[in-house]
Amino acid sequence: MRRMTKAVAITGASSGIGEATARRLAADGHSVLLGARRTDRLRRLVEEITDQGGTAAYRALDVTDAADVRAFVDAARCEFGRLDVLVNNAGVMPLSPLDAGRIDEWDRMIDVNVRGVLHGIAAALPAMRAQGHGHIVNVASVGAYEVSPTAAVYCATKFAVRAISEGLRQESAGALQVTLISPGVTESELADGISDPTARDAMATYRSVALPASAIAEAIAYAVAQPSTVDVNEVIVRPAASAQ
Ligand code: NDP
């Protein structure tokens, strides 16, 4: 059976899960537009993908800026003629106990992890509705299902992504595919943004057993490979050795 190739835009593609997803989807023959703030990394990844015969482009993107996300989605349509799939993957995780009162970091998590996803949905929906199909893949976390100390705000943002995804699924039945991908601990740069010493120490142990980012990319590739009649709604992927 011939696989359908799709036009895919991926936020947060400069490292970790987004980078692995770009490689994996491009290897499957999909065209990928990569967005993040670190464009030097995106440029190198695009060169790598195109050297291997794939189709890729990049654009500087800050998901906290709704107009920037709209321009990112428009760029995908300009580059590839349509947007079949948007992967809302960009995220940050500066964990800390609530007592530490790190309001700036709470705001940043809300801005990137929740507003960023909403900006992606707002930008992509008109185009997807107009073309009569589309697939929104939101990357949440096991933290969308459970809460742990130092992770209250991070988990709140991921619970929100799960709620938004379920609402979007219900409102889009028959028109769009909506997938929530929830990784367990995965190798990436995510924990590098933790500045609180208590949280940083706790994470060193918690994150000692981790999946390669390619394992999450595999789950995303599976959802993206489905025909428009099949909607993979929620996937949780943990390291087999992890009890959390
Ligand atoms: P990384 O830190 O490696 O990647 C995060 C990506 O998000 C980077 O490409 C970064 O790019 C991008 N990003 C951050 N802020 C912005 C912004 N304002 N605008 C655009 N892009 C931004 O971590 P992961 O790969 O692990 O994270 C990917 C997703 O997976 C996140 O949503 C995270 O919450 C989720 N996740 C990860 C887990 C893990 O254990 N790794 C577990 C559960 C969920 P740049 O800085 O260049 O802008």
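All values derive from a computational prediction rather than experimental measurement.

Q: In this structure, what is going on with the sheet that holds strand β4 (residues 85-88)? I would like to understand it.
A: Picture the strands of a sheet paired through backbone hydrogen bonds; they go either parallel or antiparallel. Spatially, seven strands are ordered β3-β2-β1-β4-β5-β6-β7 in an open sheet, and the strand pairing comes out parallel. Only two strands of the sheet have a single neighbouring strand rather than two, namely β3 (55-60) and β7 (234-237). Taken pair by pair, the neighbouring strands of this sheet meet at an average axis angle of 15°, ignoring direction. Where helix α1 (residues 16-27) meets the sheet, its contacts fall on β1 (7-11), β2 (31-36) and β6 (177-183), and the angle it forms with β1 comes to roughly 165°. Sheet strands in contact with helix α4 (residues 103-131) are β4 and β5 (135-139), and its direction is about 175° off that of β4.

Q: Help me understand the nonpolar core in this model?
A: Residues L33, L83 and L95 are the most contacted members of the largest nonpolar core, which totals 42 residues. Of all elements in the fold, only β1, α3 (66-80), α4, α5 (152-171), β6 and α6 (197-206) reach the threshold of two or more residues within this core. The leading source of residues in this core is α4, at eight residues. Apart from the residues lying within four places of it in its own chain, the contact partners of L95 are T150, A151, Y154, I194, D196, A199 and M203. With 33 residues, the next largest nonpolar core counts V8, A217, I220 and A223 among its residues.

Q: Explanation requested: the pairing of β7 in the structure shown.
A: The two faces of a sheet get side chains in turn, since along a regular strand they alternate between them. Judged by which residues are buried, β7 turns out to be one-sided: V235 and V237 face inward and are buried, whereas E234 and I236, on the alternate face, are not. When β6 meets β7, the two strands line up parallel, connected through four bridges. Looking at β7, one finds that I181 is bridged to V235.

Q: Which parts of the structure should I look at to understand the pattern of salt bridges?
A: Pairs can form between side chains of opposite charge once their charged atoms are near each other. Taken as a whole and assessed by the stated rule, the structure comprises 15 salt bridges. Among the ionic pairs, R102 bridges to E105, the shortest N-O distance being 3.7 Å. Taking relative accessible area as the criterion, R102 reaches 26% and is therefore assigned partly exposed. Exposure remark for E105: the relative accessible area of 12% places this residue in the buried category. The salt bridge involving D111 is made with R115; its shortest N-O contact spans 2.5 Å. Taken as a pair, D111 and R115 lie in helix α4 at a separation of four residues, close to a single helical turn. Residue classification places D111 among the partly exposed residues on the basis of a relative accessible area of 27%. Here the residues in one salt-bridge network are E19, R23 and E48, joined through shared partners.

Q: Explain the site of the ligand here, please?
A: Inspection of the region around the ligand gives 31 residues, with S15, I17, R37, Y154 and S188 positioned closest. G91 is positioned such that a nitrogen or oxygen atom in its backbone is 3.5 Å from an oxygen atom of the ligand. Assessed atom by atom at 2 Å from the grid points, the ligand resides in the largest pocket. Sorting the residues of the shell around the ligand by element identifies α1 and α5 as the ones contributing at least two each. Grouping the amino acids of the shell around the ligand by side-chain chemistry returns 14 nonpolar, 11 polar and six charged.

Q: Sorry if this is basic, but what is going on with empty space enclosed by the protein here?
A: If you roll a probe as big as a water molecule over the atoms, it shows you where there is empty space left. Considering all chains together, one arrives at three cavities of 30 Å³ or more under this definition. Estimated volume of the largest cavity: approximately 50 Å³. What lines the largest cavity is simply R162, S165, E166, R169, V178, L180, N233 and E234. Breaking the lining of the largest cavity down by element, the ones donating at least two residues are α5 and β6. The biggest single contributor to the lining of the largest cavity is α5, with four residues. In terms of residue class, the lining of the largest cavity is built from two nonpolar, two polar and four charged.

About the cut-offs
Residues numbered from 1 in each chain as written. Predicted model: local features only at pLDDT ≥ 70, side-chain atom pairs only at ≥ 80, totals over all residues. Heavy atoms only, no water. Pairing = 2+ DSSP bridges. Helix = DSSP H or I, 4+ residues; strand = E, 2+ residues; numbered from the N terminus. Axes fitted to C-alpha atoms, helices over the stretch in contact; angles between N-to-C directions. Contact = heavy atoms within 4.5 Å. Core = buried A, V, L, I, M, F, W, Y, C linked by side-chain atoms within 4.5 Å. Buried < 20%, exposed > 50% of the residue type's maximum accessible area, 1.4 Å probe, protein only. Salt bridge = Lys/Arg side-chain N within 4 Å of Asp/Glu carboxyl O. Near = heavy atom within 4 Å. Polar contact = N/O pair within 3.5 Å; in protein donor to acceptor, adjacent residues only side chain to side chain. 1 Å grid on protein atoms, 1.4 Å probe; cavity = no way out; pocket = protein on both sides within 12 Å on 5 of 7 lines; lining within 4 Å. Sits in = over half its atoms within 2 Å of the grid points. Nonpolar A, V, L, I, M, F, W, Y, C, P; charged D, E, K, R; others polar. Points joined across faces, edges and corners; volume = space filled by probe spheres on them.

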